[in-house]
Amino acid sequence: MNINVVGSGYVGTTLAACLADLGHDVTAIDIDEDVVAELNAGRAPIHEPGLDELVAEHAGENLQATTAYENVADAEATFLAIQTPSREDGSIDVAPLEAAAEMTGEALADADSDHLVIVKSTITPPKVDEIRDAVAEGLGESSSRVEVATNPEFLREGTAVEDFLAPQKVVFGTDSAWATDRLEAVYAPLLADHDTHVVQTGPETATMIKYANNAFLATKISLINDLGNVCKEFGIDAYEVADAIGLDDRIGEQFLRSGVGWGGSCFPKDVAAIIAAAREAGYDPAVLDAAVEVNDRQPERLLELLDEHVDVEGKRVAVLGLAFKPGTDDTRNSRAIPVIEGLKERGADVVGYDPVATENMREQFPEIEYADSAGEALEWASGALVVTDWDEFAALDEAFDAMEESVVVDGRRVVERGEGITYEGLTW
Ligand code: UDX
């Protein structure tokens, strides 16, 4: 098929490259000329394992990029993968997505073929109609058959290509059998090879599935964190408890790692957005509010455990791990942010270390020190806080010897409780 992907950010680039890999002819459309030039030169504008290879393989063949909408009508479908930034109150701003939807509509106005516009961006159910309206606005009086569908993504950072090419489920949110057929044609090469569940539903329900998915997972982590805090009060190891409850199929063993909480570009944004949308509709989602509250509390509990052993004012404290999870340089909503803020409030000299995320954190906190290795960060430190579960933090025994006061508070259960250190686990 001939398919357009509007927006070459994280999701859009992954989508465009993977669709090309499935054998489609893909045109990536982005307003940023640098991004378009990168793609056409065979380089991915974002970092994701396996993506560079796919872009290099397909660029100039069945993947091209452009800033122009003029050939949109040559394709049978257009995905909209435009960011929906958060507003102050947590709700999402769909203005950029609406603008892209309207331009797509305009580009289709003179075509006499039919076309499916597929919203890939994460939008709350009430926003679907706004996108339908924006496309209709662009189409004007045109009699072309253009429908809007939704098709949420469930990709994880660090495994996005893998997740796209072997999904557990795909969700088609459509208003007609015609639209469902077209979405099925898009995914046909992938569905033929994998044991993937296809969920067929309406556009609004499909967007709700995405929010429910992320809200459920984030709440699962907050619940195990809440229970983990109770365990800590009782001197019980929350991981032993989690391993046991995970044996119950109804609970499941995944996403039961308690600690300093969830971050990243999806969970915090999506949970806030569905809470804001619910509230706007007149409902207060109590459990989701509590999930956010527990998540906000975990970094403070990490700091309080440090306070129990050392007064950090004027002392050097190492923050080990700045990325929101291992395997990425992404620091968006990383738990390291409130941890660093809390240390600064206490008057500590903060030194951060991360194998790949230092530069991103430096933009947010240019005033703190950054070390080139965990060992360097720990030298003369009076405390160490582990915020990201990078494997390398499991082998720091000797580096801890170089600390002034060897107080290690682990927020991810990655450090071995060795001899000669005062070790505290957040929930164990
Ligand atoms: C998540 C969803 O998994 C994905 O389906 C969705 O499309 C986007 O959001 P991602 O943000 O890449 O993906 O990261 P994920 O691996 O899910 O981790 C999210 C956060 O939860 C991280 O901060 C991680 O450290 C934390 N986490 C995860 C825990 O604290 N405990 C766990 O048991 C699992």
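On a predicted model such as this, the values are computed, not experimentally measured, just so you know. (Residues numbered from 1 in each chain as written. Predicted model: local features only at pLDDT ≥ 70, side-chain atom pairs only at ≥ 80, totals over all residues. Heavy atoms only, no water.)

## Considerations on the layout of surface pockets
Under the convention used in this document: Grid points spaced at 1 Å and placed over the protein atoms alone form the basis of the search, with a cavity being a set where a 1.4 Å probe fits but cannot get out and a pocket an open set showing protein on both sides within 12 Å along at least five of seven lines. Lining residues have an atom within 4 Å of a point. Grid points are joined across faces, edges and corners, and a volume is the space filled by probe spheres set on the points. Counting from the N terminus, the helices are DSSP H or I runs at least four residues long and the strands are E runs at least two residues long. Gly is put with the polar residues, along with every residue not named as nonpolar or charged; the nonpolar set is Ala, Val, Leu, Ile, Met, Phe, Trp, Tyr, Cys and Pro, and the charged set is Asp, Glu, Lys and Arg.
Space inside the second largest pocket adds up to approximately 270 Å³. Looking at the second largest pocket, it is lined by 16 residues, and the ones nearest its centre are Pro268, Val292, Asp296, Asn333 and Arg335. Mapped onto the lining of the second largest pocket, the elements with two or more residues apiece are helix H10 (267-280), helix H11 (286-307) and helix H12 (336-345). Tallying contributions element by element places H11 first for the lining of the second largest pocket, with 4 residues. Counted by class, the lining of the second largest pocket contains 7 nonpolar, 4 polar and 5 charged residues.

## Observations regarding the UniProt feature "binding site: NAD(+)" (unreviewed entry) in the chain
Rule in force here: UniProt positions are given in the numbering used here, feature names are shortened, and annotations may be inferred rather than shown by experiment. Nitrogen and oxygen atoms within 3.5 Å of one another constitute a polar contact, given that in protein one can donate a hydrogen and the other can accept it, and given that sequence-neighbouring residues count only through two side-chain atoms. The classification of residues rests on relative accessible area computed with a 1.4 Å probe and restricted to protein chains. Under 20% of the type maximum is buried, over 50% is exposed, and intermediate values are partly exposed. We call two residues in contact when some of their heavy atoms are within 4.5 Å.
Residues given the UniProt feature "binding site: NAD(+)" (unreviewed entry) here are Asp30, Thr84, Thr122, Glu157, Lys269 and Arg332. Of the residues just listed, which span 303 residues, the most distant C-alpha pair is 23.2 Å apart, and they do not cluster in one region. Among the annotated residues just listed, those lining the largest cavity are Thr122. Positionally, Thr84 belongs in the loop between strand E4 (77-80) and helix H4 (95-108). A polar contact is formed between the side chain of Thr84 and the backbone oxygen of Thr122, at a distance of 3.2 Å. Judged by relative accessible area, Thr122 falls into the buried class, the value being 13%. Residues within four places of Thr122 in sequence aside, it is in contact with Thr84, Ile92, Glu153, Lys210, Tyr211 and Asp270.

## Details of the site of the ligand
For clarity, the cut-off: The near set for a molecule or strand comprises every residue that places at least one heavy atom within 4 Å of it. Only the protein chains shown count as cover for residues, and all accessible areas are computed by the Shrake-Rupley method using a 1.4 Å probe.
Residues in contact with the ligand amount to 19 residues; listed here are only the nearest, Leu155, Glu157, Arg257, Cys266 and Phe324. Arg257 is positioned with one of its backbone polar atoms (N or O) 2.9 Å from an oxygen atom of the ligand. Out of a free accessible area of 670 Å², the ligand has 91% covered by protein chains. At 3 residues, helix H8 (residues 203-234) tops the list of elements feeding residues into the shell around the ligand. Of the residues assigned to the shell around the ligand, the class counts are 9 nonpolar, 3 polar and 7 charged.

## Points about the pattern of salt bridges
Oppositely charged side chains may form a pair once their charged atoms are brought near each other. Rules: Criterion for a salt bridge: a side-chain nitrogen of Lys or Arg within 4 Å of a carboxyl oxygen of Asp or Glu.
Inspection of the entire model under this criterion finds 25 salt bridges. Close ionic contact of Asp284 with Arg279 constitutes a salt bridge, the shortest N to O distance being 2.5 Å. Arg279 gets classed as partly exposed once you look at its relative accessible area, which sits at 40%. Measuring nitrogen to oxygen at the nearest pair gives 3.0 Å for the salt bridge that ties Arg346 to Glu300. Taken together, the positions of Arg346 in the loop between H12 and strand E10 (349-353) and Glu300 in helix H11 put the pair 46 residues apart, joining distant regions of the chain. What emerges from the salt-bridge pattern is a single network uniting Asp129, Arg132, Asp175 and Glu204.

## Considering the sheet that holds strand E9 (residues 316-320)
The condition that has to hold: A pair of strands is labelled paired if DSSP reports no fewer than 2 bridges between them.
With respect to topology, 6 strands assemble into an open sheet ordered E11-E10-E9-E12-E13-E14, the strand pairing being parallel. At either end of the open sheet lies a strand with only one pairing partner, and these are strand E11 (369-370) and strand E14 (422-425). Inspection of the sheet shows E9 paired to E10 by 5 bridges, in the parallel sense. Bridged to Val317 within E10 is Val350.

## Some remarks on empty space enclosed by the protein
In this structure the tally under the stated criterion is 1 cavity of 30 Å³ or more. Roughly 40 Å³ of volume is contained in the largest cavity. Considering every element that reaches the lining of the largest cavity, the biggest residue donor is H8, with 3 residues. Class assignment of the residues belonging to the lining of the largest cavity gives a composition of 4 nonpolar, 5 polar and 1 charged.

## Here we look at the pairing of strand E1 (residues 2-6)
On a regular strand, each side chain points to the face opposite its neighbour's, so the side chains alternate between the two faces of the sheet. The criterion, for reference: Note on handedness: a clockwise path from strand one over the helix to strand two, with the strands aimed away from the viewer, defines a right-handed crossover.
Burial analysis of E1 places 4 of its 5 residues in the buried class, which makes it a mostly covered element. In this structure, E1 lies alongside strand E2 (residues 25-29), joined through 5 bridges in parallel fashion. Residue Asn2 lies in a different strand from E2, and its bridge partner there is Asp25. Taken together, E1, helix H1 (residues 10-21) and E2 constitute a β-α-β crossover, and its handedness is right-handed.

## Structural notes on the domain arrangement of the chain
Applied cut-off: Residue ranges labeled as domains rest on an automatic or database domain assignment.
Assigned domains of the chain: these are domain 1 (2-200), domain 2 (211-256 + 266-295) and domain 3 (297-425). Relative placement of domain 1 and domain 3: their C-alpha centres are 39 Å apart.

## Some thoughts on the packing of H11 against H12
Rules: Note on geometry: axes are C-alpha line fits, over the in-contact stretch for helices, and angles between N-to-C directions span 0 to 180 degrees. To sort the angles, those under 35 degrees are grouped as roughly parallel, those over 145 as roughly antiparallel, those from 65 to 115 as roughly perpendicular, and the leftovers as oblique. In a left-handed crossing the near helix is turned counterclockwise from the far helix by less than a right angle, and in a right-handed crossing that turn is clockwise.
Running from N to C, H11 and H12 point in directions that differ by 40°, and their axes come no closer than 9 Å. Classified by the angle between their axes, H11 and H12 sit oblique to one another. The chirality of how H11 crosses H12 is right-handed. Mapping the contact onto sequence places Pro299, Leu302, Leu303 and Leu306 in H11 and Pro338, Val339, Gly342 and Leu343 in H12.

## Side note on the UniProt feature "domain: UDP-glucose/GDP-mannose dehydrogenase C-terminal" (unreviewed entry) in the chain
Under the UniProt annotation, "domain: UDP-glucose/GDP-mannose dehydrogenase C-terminal" (unreviewed entry) lies at residues 318-417. As a span, residues 318-417 carries 27% helix and 18% strand, and end to end its C-alpha atoms are 17 Å apart.

## What about a nonpolar patch on the surface?
Condition: Patch criteria: residues need more than 30% relative accessible area and no salt bridge. Like-charged residues are merged within 9 Å; nonpolar side chains of Val, Leu, Ile, Met, Phe, Trp and Tyr are merged within 5 Å.
Together, Val230, Phe234, Ile236 and Val241 make up an exposed nonpolar region whose accessible area comes to about 350 Å². You can see Ile236 is positioned in the loop between H8 and helix H9 (238-245).

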